[in-house]
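Below, each chain spelled out in residue letters.
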Amino acid sequence: MDLGIKGKRALVCASSKGLGFGCAEALAEAGVDLVMNARGVEALEAAAADLRERFGVAIETVAADVTTSEGQAAVLKAAEGVDILVTNAGGPPPGMWSDWERDDFIKALDANMLAPIALMKALVPGMMEKGWGRVVNITSQSVKAPIAVLGLSNSARAGLTGYVAGTARQVAGSGVTINNLLPGIHATDRAVSLDTGVSQQQGISMEEAKANRCATIPAGRYGTAQEFGAACAFLCSQHAGFIVGQNLLLDGGAVNATL
Ligand code: NAD
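This text gives an overview of the structure that appears in the document.

### A short note on the pattern of salt bridges
Then comes step 1: Using the criterion set out here, one finds seven salt bridges in the structure.
Then comes step 2: Note that Glu 60 is salt-bridged to Arg 9, the shortest N-O span being 3.4 Å. Here Arg 9 lies in strand β1 (residues 9-12) and Glu 60 lies in strand β3 (residues 59-63), a separation of 51 residues in the sequence.
Then comes step 3: A residue is classified by how much of its surface remains accessible, and Arg 9, at 22% relative accessible area, is partly exposed.
Then comes step 4: Residues Asp 189 and Lys 17 are paired through a salt bridge, measuring 3.8 Å at the closest nitrogen-oxygen approach. Of this pair, Asp 189 sits in helix α6 (residues 189-202) while Lys 17 sits in the loop between β1 and α1 (18-29); the two residues are 172 residues apart in sequence, bridging distant segments of the chain.
Then comes step 5: By relative accessible area, Lys 17 is classed as partly exposed at 48%.
Then comes step 6: Each of Glu 25, Asp 50 and Arg 54 takes part in one network of salt bridges that share partners.

### Concerning the site of the ligand
Then comes step 1: Inspection of the region around the ligand gives 28 residues, with Ser 16, Leu 19, Ala 89, His 186 and Thr 188 positioned closest.
Then comes step 2: The backbone of Lys 17 places a nitrogen or oxygen atom 3.1 Å from an oxygen atom of the ligand.
Then comes step 3: Here Arg 39 contributes a side-chain N or O atom positioned 3.3 Å from a nitrogen atom of the ligand.
Then comes step 4: When the ligand is considered free in solution it has 820 Å² of accessible area, and contact with the protein chains removes 92% of it.
Then comes step 5: Elements supplying a minimum of two residues to the shell around the ligand: α1, β2 (33-38) and α6.
Then comes step 6: Broken down by class, the residue content of the shell around the ligand amounts to nine nonpolar, 13 polar and six charged.

### Concerning the packing of aromatic side chains
Then comes step 1: Across all of its chains, the model carries one aromatic pair by this definition.
Then comes step 2: Summarising the aromatic geometry, the rings of Trp 100 and Phe 105 are spaced 6.4 Å apart at their centres and angled 80 degrees between planes, so their arrangement reads as edge-to-face.
Then comes step 3: For Trp 100, a relative accessible area of 13% translates into the label buried.
Then comes step 4: Given a relative accessible area of 31%, Phe 105 falls into the partly exposed group.
Then comes step 5: Over the aromatic face of Trp 132 sits the side chain of Lys 8, whose NZ or CZ is 4.0 Å from the ring centroid.
Then comes step 6: The cationic tip of Lys 210 hangs over the ring face of Tyr 222; the distance from NZ or CZ to the ring centre is 5.0 Å.

### A short note on the state of the cysteines
Then comes step 1: Counted by the stated rule, this structure contains zero disulfides.
Then comes step 2: Take Cys 23: it sits in no disulfide, and the sulfur closest to it among the cysteines is that of Cys 232, at 3.5 Å.
Then comes step 3: What makes Cys 23 buried here is its relative accessible area of 0%.

### Some remarks on the sheet that holds strand β6 (residues 176-183)
Then comes step 1: Within the open sheet, the seven strands sit side by side as β3-β2-β1-β4-β5-β6-β7. Their pairing is parallel. Two strands close off the open sheet at either side, each with one partner strand: β3 and β7 (247-250). Taken pair by pair, the neighbouring strands of this sheet meet at an average axis angle of 15 degrees, ignoring direction.
Then comes step 2: Each of β2 and β3 touches helix α2 (residues 41-55); the most contacted strand, β3, lies at about 170 degrees to it.

### Quick word on the environment of Ala 209
Then comes step 1: Along the chain, Ala 209 falls in helix α7 (residues 206-214).
Then comes step 2: For the pair Ala 209 and Gly 197, spaced 12 residues apart in sequence, the C-alpha to C-alpha distance is 9.2 Å.
Then comes step 3: Contact partners of Ala 209, with chain neighbours within four places excluded, come to Asp 195, Val 198, Ser 199 and Ile 204.

### Quick notes on the packing of helix α3 (residues 69-79) against helix α4 (residues 102-130)
Then comes step 1: Between α3 and α4, the least distance of the axes is 11 Å, while the angle of their chain directions is 30 degrees. Between α3 and α4, the crossing angle belongs to the class labelled roughly parallel. The hand of the α3/α4 crossing is right-handed. Counting all contacts with α3, which are made through Gln 72, Leu 76 and Ala 79, the residues of α4 involved are Ala 115, Ala 118, Leu 119, Ala 122 and Leu 123.

### Description of unusual backbone geometry
Then comes step 1: Phi at Ala 14 takes a positive value of approximately 50 degrees, unusual for a residue other than glycine.
Then comes step 2: In this fold, Ala 14 is placed in the loop between β1 and α1.

### Observations concerning α2
Then comes step 1: Across its 15 residues, α2 extends 21 Å between first and last C-alpha, which sits within 8% of the 21 Å expected from 1.5 Å per residue.
Then comes step 2: Every buried residue of α2 is accounted for by Leu 44, Ala 47, Ala 48 and Leu 51. Down the axis of α2, the buried side of the element spans an arc of 95 degrees, and every buried residue falls inside it. When the buried face of α2 is taken as reference, the exposed residues oriented beyond 90 degrees from it are Glu 42 and Glu 53.
Then comes step 3: Where the residues of α2 are buried, they touch α1, β2 and β3.

Rules and cut-offs
- By convention here, each chain's residues receive numbers from 1 onward along its written sequence.
- This being a predicted model, a pLDDT of at least 70 is required before a residue's local features are given, and a value of 80 or more before pairs of side-chain atoms are given or counted; all residues contribute to the totals for chains, interfaces and linings.
- Based on all heavy atoms of the structure, the side-chain values leave hydrogens and waters out of the count.
- Any Lys or Arg side-chain nitrogen found within 4 Å of a carboxyl oxygen on Asp or Glu counts as a salt bridge.
- Numbering of helices and strands runs from the N terminus; a helix is a DSSP stretch of H or I covering at least four residues, while a strand is a stretch of E covering at least two.
- Between buried and exposed lies partly exposed: a residue is buried under 20% and exposed over 50% of the maximum accessible area for its type, with that area taken using a 1.4 Å probe on protein chains only.
- We call a residue near a molecule or strand whenever a single non-hydrogen atom of that residue lies within 4 Å of it.
- Contacts described as polar in this section are N or O atom pairs within 3.5 Å, which, within protein, must combine one atom able to donate a hydrogen with one able to accept it, while residues neighboring in sequence count only if both atoms come from side chains.
- Method for areas: the Shrake-Rupley scheme with a 1.4 Å probe, in which residue coverage is limited to the protein chains shown.
- For this classification, Asp, Glu, Lys and Arg are treated as charged, while Ala, Val, Leu, Ile, Met, Phe, Trp, Tyr, Cys and Pro are nonpolar and the rest, including Gly, are polar.
- Stacked, tilted and edge-to-face are the three classes assigned to paired rings of Phe, Tyr and Trp, where Trp is represented by its six-membered ring and a pair needs centres within 6.5 Å; plane angles under 30 degrees give stacked, over 60 edge-to-face, the rest tilted.
- Criterion for a charge above a ring: Arg CZ or Lys NZ at most 6 Å from the ring centre, at most 35 degrees from the ring normal.
- Throughout, disulfides are identified as pairs of cysteine sulfur atoms within 2.5 Å of each other.
- Here a strand pair is declared whenever DSSP counts at least two bridges between the two strands.
- For helices, the fitted axis covers only the stretch in contact; all axes are lines through C-alpha atoms, and the angles between them, taken along N-to-C directions, range from 0 to 180 degrees.
- The criterion used for residue contact is that any of the two residues' heavy atoms lie within 4.5 Å.
- The scheme is simple: roughly parallel for angles under 35 degrees, roughly antiparallel for over 145, roughly perpendicular for 65 to 115, oblique for anything else.
- By definition, turning the near helix anticlockwise from the far helix through less than a right angle yields a left-handed crossing, and turning it clockwise yields a right-handed one.
- Here the expected length of a helix is defined as 1.5 Å per residue gap, with one fewer gap than residues.
- Read the arc as the range of directions from the helix axis to the C-beta atoms.

Below is the structure:
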């Protein structure tokens, strides 16, 4: 399918690896020029070189922590006037509800709620002026079904989801859509770190931890960054202009709900 976005320009945050990279890859394949961001310069440059070579698109890189105001300023300088924004950043660490203090919540809110909101506030007005834009926020299945040990993520992402629900309806009339993609377990470094935690806590091998987790997913496996990226590219496509303020779960059926 021709996504109809060849020649558009996108900012994809936290995109040297994992789900962010999957989104950058799918957009590059659709002919979209990119601003890619991640913290580590080496992996970021390698990822950008790979996509330039395979898809021939123009790619700028910004090595910065997108959860800080300095990082956001650096990213926004390169991304002025983009047509597409994909927000993303690492998720908060697991823990116990009784251990988290105010500072832990502030950190999680900065990373997984306030950073995407700041980027939308900066970039959506330009999209509205042009009469076309797409925003996809990478959130989590924890928005639909809480993951108890990820209470910081449950809290911060719920805040972002509420903001998007209202804001998406305020900007849709200007041709800008805002939607959220909710990953369940995908085979990325994040999944390895979650499985490592379970394996250490329960005294089982990584293989057992992974097999136990797979058994909770009706699809019987982890998702891939490529599948995730394809869904993102579709939401950014010309065909998705009537999809507004939605929360699309990509979880292999793990959340057991009718709607
Ligand atoms: P990941 O840890 O594999 O992603 C790594 C990428 O994010 C790298 O490019 C890294 O440089 C970049 N990054 C991380 N923090 C950053 C920051 N502050 N500033 C700039 N770049 C940053 O993560 P992932 O698995 O791709 O997940 C992406 C998001 O989706 C995370 O928020 C994660 O919590 C969430 N999520 C992932 C899963 C999963 O199974 N992978 C499930 C649910 C939710």
